[in-house]
Protein chains: 2
Amino acid sequence: MKRIVMIGSGNVATSLAHALRGRCQLVQVYSRRMEHARQLADAVGAEPVDSAAALVTDADAYVVAVADDAIAGIVDASPPTDGLWLHTSGSVPMSVFAGRRSRYGVLYPLQSFSRDLLVDLSRVHFFVEGSSAAVTAQIAAFARCFLSEKVTVADSRQRCILHLAAVFACNFANHMWTLAADVMSRDGLPFDAMLPLIESTVEKLHHLSPSQSQTGPAARGDEAVMRRHLSMLHGDEEAIYRMLSQSIMNHKARK
Amino acid sequence: MKRIVMIGSGNVATSLAHALRGRCQLVQVYSRRMEHARQLADAVGAEPVDSAAALVTDADAYVVAVADDAIAGIVDASPPTDGLWLHTSGSVPMSVFAGRRSRYGVLYPLQSFSRDLLVDLSRVHFFVEGSSAAVTAQIAAFARCFLSEKVTVADSRQRCILHLAAVFACNFANHMWTLAADVMSRDGLPFDAMLPLIESTVEKLHHLSPSQSQTGPAARGDEAVMRRHLSMLHGDEEAIYRMLSQSIMNHKARK
């Protein structure tokens, strides 16, 4: 697959386009807003377009990296092609393409993309799925060749589970750091002081399951400390402290 | 400070005793249960004791690394000494020693200690506090010399805040990984596949604040994905997903 059309100009599209630049020919970059299309297209040497009807029909692959609910509409507005259509969503089933295109699939990077930080995709785990065994193999080979060595075939249900688990493992864990930073900053303490502890907590995951390595007042059932902590909190922070401590104790009791 | 008595035989006492072994003389290890005292004492070349009354009176420092509510009782049961008394708790104010001993303080490692994994203390941040400026300086010098280069003076209130923040940053984040592992294992997916994503999420903390780097359906306000995720959850997991998503949205709205 040499000639690629990138549909989208957000965080995922930008990371993918930069990773593919120089390895494939990026023919076009599509965005609803021409200035966004042009910004990414200029950076990767492609033609910017702001109309799905203007997409070329002879690309090898069309990578759809847009909001979940915009995928079907863009496919429908595009001219018919024989190329391979791929979306990158964790939540949308592959069947969104069924009846719309003949060869299609999913290229899902298990990663969280921020506007402010470009991700090195060679370290990212990609989960792929295709409309036939041959297409699945083609997508996997494409991902291995141009993006990352970590490529695994996963069906739409497994991909949904991965996406849900990533919300807990990444979005929610990150929110815990936000709350820790809030608590510290109210007392003039810099969040940086917490980084060595966070890193050693992650390091333990290479040796122990997260459940095995759980520590802290809730895991110990230390009610005096939990009461003292709760007296220092209010609002969301207090409610979250209560609920997560209870959940840790429930988890411990079930083991 | 050369002659040290270690009071306690749990995770913190064990890590500290191993770090100090060969650098100080570990005179005694105390535990309520002689077999526990003996196990650690044998490993670090000290005398095991199971009675506070049997503690030597000529040590330079007495490090009390026991459960929070056992600290005062052990001090009271020990013979009077001129040595420096230190506890290692995140939650107990230094004043627990007031009226009980003349020179005292706190040596708090901002770290989570697991039974199954010995911690390299040279990478740990220690927060110290003393009963006078001279004692504070003495504790800081002791920690820098024998334990870690990262030593900061913090009063009892700041230490409480650090401990509370660490519960969010470490215990609660770890519980998010436990829940992610549960979700994945129900579908036969190995938790290891999530590690690169977790590590890159932590890496971002070196460049952006956790609030700046927050991503995911709640941060985007993507209600369709949140509804789909909630339909795959129940019990604690569902309640936590709901509460944390709401808290992420509240946080976003306040910014």
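Residues numbered from 1 in each chain as written. Chains lettered and ligands numbered in written order. Predicted model: local features only at pLDDT ≥ 70, side-chain atom pairs only at ≥ 80, totals over all residues. Heavy atoms only, no water.

Focus: the overall build of chain A
Phase 1 of the analysis: Helix and strand counts for chain A come out as nine helices and eight strands.
Phase 2 of the analysis: When its C-alpha atoms are laid out on the principal axes, chain A stretches across 70 × 40 × 30 Å.
Phase 3 of the analysis: Counting only residues that meet the buried cut, chain A has 58% of its 255 residues in that class.
Phase 4 of the analysis: Summarising the internal contacts of chain A: among those between residues at least 6 apart in sequence, 50% fall at separations of at least 24.
Phase 5 of the analysis: Total accessible area on chain A is roughly 10400 Å²; 49% of this is exposed by carbon and sulfur atoms.
Phase 6 of the analysis: Averaging the locations of the 25 positively and 25 negatively charged side chains of chain A gives two centres separated by 5 Å. (Helix = DSSP H or I, 4+ residues; strand = E, 2+ residues; numbered from the N terminus. Buried < 20%, exposed > 50% of the residue type's maximum accessible area, 1.4 Å probe, protein only. Contact = heavy atoms within 4.5 Å. Areas by Shrake-Rupley, 256 points an atom, 1.4 Å probe, with all protein chains shown as cover. Lys, Arg positive; Asp, Glu negative; His and termini not counted. Charge placed at Lys NZ, Arg CZ, Asp CG, Glu CD.)

Section: the interface of chain B and chain A
Phase 1 of the analysis: If you look at the interface, chain B gives 86 residues, while chain A gives 86 residues.
Phase 2 of the analysis: Both sides of the chain B and chain A interface together cover about 8300 Å² of buried area, and 69% of this is carbon and sulfur.
Phase 3 of the analysis: Counting across the interface, chain B meets chain A through four salt bridges.
Phase 4 of the analysis: A salt bridge links B:Glu203 to A:Arg123; the shortest N-O distance between them is 3.2 Å.
Phase 5 of the analysis: Inspection of the chain B/chain A interface yields 40 residue pairs in polar contact (both at pLDDT 80 or more).
Phase 6 of the analysis: Elements with a minimum of two residues in the side of chain B that touches chain A: strand E7 (125–130), helix H5 (156–185), helix H6 (195–203), helix H8 (223–231) and helix H9 (235–254) of chain B.
Phase 7 of the analysis: Element by element, the count of residues in the side of chain B that touches chain A is highest for H5(B), at 27 residues.
Phase 8 of the analysis: Residue classes in the side of chain B that touches chain A are distributed as 46 nonpolar, 26 polar and 14 charged. (Buried area = accessible area lost by both parts, 1.4 Å probe. Salt bridge = Lys/Arg side-chain N within 4 Å of Asp/Glu carboxyl O. Polar contact = N/O pair within 3.5 Å; in protein donor to acceptor, adjacent residues only side chain to side chain. Nonpolar A, V, L, I, M, F, W, Y, C, P; charged D, E, K, R; others polar.)

Considering the sheet that holds strand E6 (residues 104–110) of chain A
All names here are of chain A.
Phase 1 of the analysis: The eight strands are arranged E3-E2-E1-E4-E5-E6-E7-E8 in an open sheet whose pairing can be described as mixed. The open sheet has two edge strands with one neighbour each: strand E3 (47–49) and strand E8 (151–153). In this sheet, neighbouring strand axes are inclined to one another by 25° on average, regardless of whether the strands run parallel or antiparallel.
Phase 2 of the analysis: Here three bridges tie strand E7 (residues 125–130) to E8, and the two strands are oriented parallel to one another. (Pairing = 2+ DSSP bridges. Axes fitted to C-alpha atoms, helices over the stretch in contact; angles between N-to-C directions.)

Quick notes on the pairing of strand E1 (residues 3–7) of chain A
On a regular strand, one side chain projects to one face of the sheet and the next to the other, so that they alternate.
Residues and elements named next belong to chain A.
Phase 1 of the analysis: With four of five residues buried, E1 lies mostly within the body of the structure.
Phase 2 of the analysis: As paired strands, E1 and strand E2 (residues 25–30) are joined by five bridges and run parallel to one another. Within E2, the residue paired with Arg3 across the bridge is Gln25.
Phase 3 of the analysis: Once the chain exits E1 it traverses helix H1 (residues 11–20) before rejoining the sheet at E2, and the crossover so formed is right-handed.
Phase 4 of the analysis: Where E1 meets strand E4 (residues 61–64), four bridges bridge the pair, whose relative direction is parallel. Within the sheet, the bridge partner assigned to Ile7 lies in E4 and is Val64. (Right-handed = clockwise from strand over helix to strand, strands pointing away.)

Focus: the packing of aromatic side chains
Phase 1 of the analysis: Applying the stated criterion to the full structure yields 13 aromatic pairs over all chains.
Phase 2 of the analysis: Ring geometry for A:Tyr62 and A:Trp85: centres 4.7 Å apart, planes at 5°, overall stacked. Taken together, the residues span a long stretch of sequence, with A:Tyr62 in strand E4 and A:Trp85 in strand E5 (residues 84–87) at a distance of 23 residues.
Phase 3 of the analysis: Residue A:Trp85 is classed as buried on the basis of its relative accessible area of 0%.
Phase 4 of the analysis: Consider the rings of A:Phe142 and A:Phe146, whose centres lie 5.4 Å apart with planes at 70°: the pair is edge-to-face. In this pair, A:Phe142 and A:Phe146 are both assigned in helix H4 (residues 133–146), four residues apart and thus about one turn of the helix distant.
Phase 5 of the analysis: These aromatic residues form a ring-pair network of at least three members: A:Phe168, A:Phe172 and B:Tyr241.
Phase 6 of the analysis: Cation over ring: B:Arg101 sits above B:Trp85, and NZ or CZ is 4.7 Å from the ring centre. (Phe/Tyr/Trp six-rings, centres within 6.5 Å; stacked < 30°, edge-to-face > 60°. Lys NZ or Arg CZ within 6 Å of the ring centre and 35° of its normal.)

Quick notes on the relation of the copies chain B and chain A
Phase 1 of the analysis: Expressed as a screw operation, the relation of chain B to chain A combines 0.0 Å of axial shift with a rotation of 180°, fitting to an RMSD of 0.0 Å. This pairing of chains is accounted for by a two-fold axis. The rotation axis passes nearest to the C-alpha of B:Ala173 in chain B, at a distance of 2.2 Å. (Least-squares fit on C-alpha atoms with pLDDT ≥ 70 in both.)

Quick word on the domain arrangement of chain A
Residue and element names in this part refer to chain A.
Phase 1 of the analysis: Per the domain assignment, the segments making up chain A are domain 1 (3–154) and domain 2 (160–254).
Phase 2 of the analysis: Domain 1 puts six residues into the contact, and the matching count from domain 2 is five residues.
Phase 3 of the analysis: Roughly 470 Å² of surface becomes buried between domain 1 and domain 2 when both sides are summed, with 70% attributable to carbon and sulfur atoms.
Phase 4 of the analysis: Put simply, domain 1 and domain 2 have zero salt bridges between them.
Phase 5 of the analysis: Along the contact surface separating domain 1 from domain 2 lie one residue pair in polar contact (both at pLDDT 80 or more).
Phase 6 of the analysis: In terms of residue class, the side of domain 1 that touches domain 2 is made up of three nonpolar, three polar and no charged. (Domains from an automatic or database assignment.)

Quick look at the pattern of salt bridges
Phase 1 of the analysis: Summed over the entire model, instances satisfying the criterion amount to 18 salt bridges over all chains.
Phase 2 of the analysis: In this structure, A:Asp187 engages B:Arg157 in a salt bridge whose closest nitrogen and oxygen atoms are separated by 3.0 Å. One end of the pair, A:Asp187, is in the loop between helix H5 (156–185) and helix H6 (195–203); the other, B:Arg157, is in helix H5, on a second chain.

Points about the sheet that holds strand E4 (residues 61–64) of chain B
To summarise the sheet geometry, strands pair through backbone hydrogen bonds and adopt either a parallel or an antiparallel arrangement.
Residue and element names in this part refer to chain B.
Phase 1 of the analysis: Strand order across the open sheet formed by eight strands is E3-E2-E1-E4-E5-E6-E7-E8, with mixed pairing between neighbours. The open sheet has two free edges, formed respectively by strand E3 (47–49) and strand E8 (151–153), since each of these has just one partner strand. Strand-to-strand twist in this sheet, taken as the mean axis angle between neighbours without regard to direction, amounts to 25°.
Phase 2 of the analysis: As paired elements, strand E6 (residues 104–110) and E7 share six bridges and run antiparallel to each other. Among the inter-strand pairings, Gly105 is bridged to a residue of E7, identified as Gly130.
Phase 3 of the analysis: With respect to the sheet, H5 is in contact with strand E5 (84–87), E6, E7 and E8, its orientation differing from that of E6 by roughly 20°.

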